[in-house]
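Descriptive analysis of the structure
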Amino acid sequence: MPSGSGRGGCLTVFLPPAPPPPPLSPSALSPSPARRGGACRGVGGASPTFKAGGGRRRRRRRASARRPESRRPPAGKRRPPPGAPRRCSSLSVSCVAMKLESPSAADSQLEFTVATEEEFEEVLAMSKGIYGGLDYLPSRYHAWIREPNRTVILAKKNGAVIGLQSIYIIDSGETALVEGLRVAPWERGKGVAGDLQRFCSQMVKEKHPGVKVSRLTRDDQLGPKDFKKYRVIAKQGILLVRFGAQELLERLDAAELALAEGGFCLEASELLSEGEVSAVVLAERFRHEVLPNQTIIQDWQPFKATESNLALLRKKELHWLVDRKDMPSVATLSTRPFPIPLGQDWSYLNIDAFGRHPAHLKGQLLRHLRLQLPGLRGSVMCQLFLEPELWLEMATFCQAGLGLELAKGYTEQFLLESDI
């Protein structure tokens, strides 16, 4: 659920020329000591830091003045004047150098750094209140910065963290999944999000030349500019409910009995073992008729239905349910609940549903609750992603049938894609 910011009139950005530089070596994202004389230097030899602006311009100018005339560059290749866009000669993340000038703070600079453990508290402070207390990043930050094929980039101003975006390479190296975009409230409206996105896009081009598209998920309304920039790959409804974990677990049997007495027939569901998931999900009929645009959208992350992506998903301890293993028409998967900063003892439970049969979906929802509730304490926000036309019926079932509280009205999740 990215959070962006517009561009204000007080900020001028000088970007590099359009043609991309040649790809970097596979070790380009590994933190490494800066080369002597390079335009960008890693901090402490651990986290590469790239400043926008020239910190050594004066020293270089003096060095150039001492060169013999024969060693000076030809007139047509002289150094560009101060303020012109420059390229870094040695980088660990990107060779893009951006200089930002502001009339109110001419010496202010943006830095782009690879996130480390040390910035965790700053990231929390910057993200306070985001998504109304439902932010997932506090629970995932430490795992993200260690995850293979993922790079978390921070934007810093005068040394303070003011922005973050994560890039995760999936789909066998063909897709860059953009996640976690956020800007500090006091820096929004100044173009920081756009600068951070452009930096990350350039980084992907250099580090991962095989990437063809970028993908992201959003839950807000799309405008004309969004439709020009992105293709809509899939759309799902979001049903958000809340409940007390132990209280619901204690009355779930009574709720099911009351439903049965009212004529509700609980459809059977089958739990897939780890070894059964690939055979079911990769079947051509399942990919084309059950999944939205042949995509597994798991807890806001879109994965094409491929074996390499299923290998990534197997690490998440998911629960997969289907109506029948041999020819499923409805499938659901639930993610292990995680704490959120909404308050003490609050957890988030996400359930992704694929298929258009509400009776099967109701039965699978009940089974997911039975699988997840025994390990939970306190209050739970449960997010169910489903076909938009099923939202109203499922909302009624959750409220009237299970006694859950509707936390929010109808909203939509969009899966967006753009070319790299």
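First, a word on what this report is: a plain description of the structure on this page. Numbering of residues starts from 1 in each chain and follows the order in which that chain's sequence is written. Local features in a predicted model are, by the rule used here, given only for residues with pLDDT of at least 70; side-chain atom pairs are given and counted only at 80 or more, and totals for whole chains, interfaces and linings are based on all residues. Excluded from the side-chain calculations are hydrogens and water; all other atoms, namely the structure's heavy atoms, are used.

**A short note on the packing of helix H2 (residues 120–127) against helix H3 (residues 137–144)**
Every axis corresponds to a line fitted to the C-alpha atoms, with the helix fit spanning only the stretch in contact, and the corresponding angles, defined between N-to-C directions, vary from 0 to 180 degrees. Only DSSP runs of H or I with at least four residues qualify as helices, and only runs of E with at least two residues qualify as strands; both kinds are numbered from the N terminus onward. One can describe the packing of H2 onto H3 by two numbers: an axis separation of 11 Å at closest approach and a directional angle of 150°. With respect to their mutual orientation, H2 and H3 come out roughly antiparallel. Note that H2 runs across H3; the crossing there is right-handed. Of H3, the residues touching H2 (which contributes Phe120, Val123 and Leu124) are Leu137, Pro138, Tyr141 and His142. Roughly parallel covers angles under 35 degrees, roughly antiparallel covers those over 145, roughly perpendicular covers 65 to 115, and oblique covers all other angles. Left-handed describes a crossing whose near helix is turned anticlockwise from the far helix through less than a right angle; right-handed describes the clockwise counterpart. Throughout, a residue-residue contact means that at least one pair of heavy atoms, one from each residue, lies within 4.5 Å.

**Describing the state of the cysteines**
Whenever a pair of cysteine sulfur atoms sits within 2.5 Å, that pair is classed as a disulfide. Counted according to the given criterion, the structure contains zero disulfides. With no disulfide of its own, Cys382 has Cys398 as its nearest cysteine by sulfur position, at a separation of 7.3 Å. The classification of residues rests on relative accessible area computed with a 1.4 Å probe and restricted to protein chains. Under 20% of the type maximum is buried, over 50% is exposed, and intermediate values are partly exposed. On the basis of relative accessible area, Cys382 is assigned to the buried category, the value being 3%.

**Some remarks on the nonpolar core**
Here, nonpolar core means buried Ala, Val, Leu, Ile, Met, Phe, Trp, Tyr and Cys residues that are tied together by side-chain atoms lying within 4.5 Å of each other. One finds Ile153, Leu164 and Ile167 to be the most contacted residues of the largest nonpolar core, which totals 45 residues. Excluding its chain neighbours within four sequence positions, the residues that come into contact with Leu164 are Val123, Met126, Leu137, Tyr141, Val152, Ile153, Leu154, Gly180, Leu181, Arg182 and Leu196. Formed by 29 residues, the second largest nonpolar core is a distinct cluster that contains Leu252, Ala255, Cys398 and Leu404.

**Structural notes on the side chain of Gln301**
Within the secondary structure, Gln301 is located in strand S15 (residues 301–304). Each polar contact in these results corresponds to two N or O atoms within 3.5 Å; when the atoms are within protein, one needs to be able to donate a hydrogen and the other to accept it, and residues that are neighboring in sequence are counted only if both atoms are side-chain atoms. At 3.0 Å, the side chain of Gln301 forms a polar contact with the side chain of Glu179. In this structure Gln301 touches Arg150, Tyr168, Leu177, Glu179, Ile296 and Lys316, once residues within four positions along its chain are discounted.

**Regarding the pattern of salt bridges**
The working definition used for a salt bridge is a side-chain nitrogen of Lys or Arg within 4 Å of a carboxyl oxygen of Asp or Glu. What the rule picks out here adds up to 27 salt bridges. Measuring nitrogen to oxygen at the nearest pair gives 2.9 Å for the salt bridge that ties Glu307 to Arg314. Notably, a salt bridge pairs Asp326 with Arg324, separated by 2.7 Å at the nearest N-O pair. In the salt-bridge network here, residues are joined through shared partners; they are Arg215, Arg231, Glu417 and Asp419.

**Looking at the packing of helix H10 (residues 358–372) against helix H11 (residues 391–401)**
Packing of H10 against H11 brings their axes to within 11 Å, and their N-to-C directions diverge by 40°. Viewed along their axes, H10 and H11 adopt a mutual orientation that is oblique. For the pair H10 and H11, the crossing hand works out as right-handed. Packed against H10, whose contacting residues are Pro358, Leu361, Lys362, Leu365 and Leu366, the element H11 presents Glu393, Met394, Phe397 and Cys398 at the interface.

**Details of H10**
By definition here, a helix of n residues has an expected span of 1.5 Å times n minus one. Spanning 15 residues, H10 covers 21 Å between terminal C-alpha atoms, matching the ideal 21 Å at 1.5 Å per step. Every buried residue of H10 is listed here: His360, Leu361, Lys362, Gly363, Gln364, Leu365, Leu366, His368, Leu369 and Gln372.

**Notes on the pairing of S15**
Note: strand S14 (residues 295–298) against S15, four bridges, orientation antiparallel. Bridging from a neighbouring strand, Ile297 pairs with Pro302 of S15. Strands were regarded as paired on the criterion that DSSP finds at least two bridges between them. From the end of S14 to the start of S15, which pair antiparallel, there are two residues, and Asp299 there has a positive phi angle of about 50°.

Interpretation note: all reported values are geometric properties and have no functional meaning in isolation.
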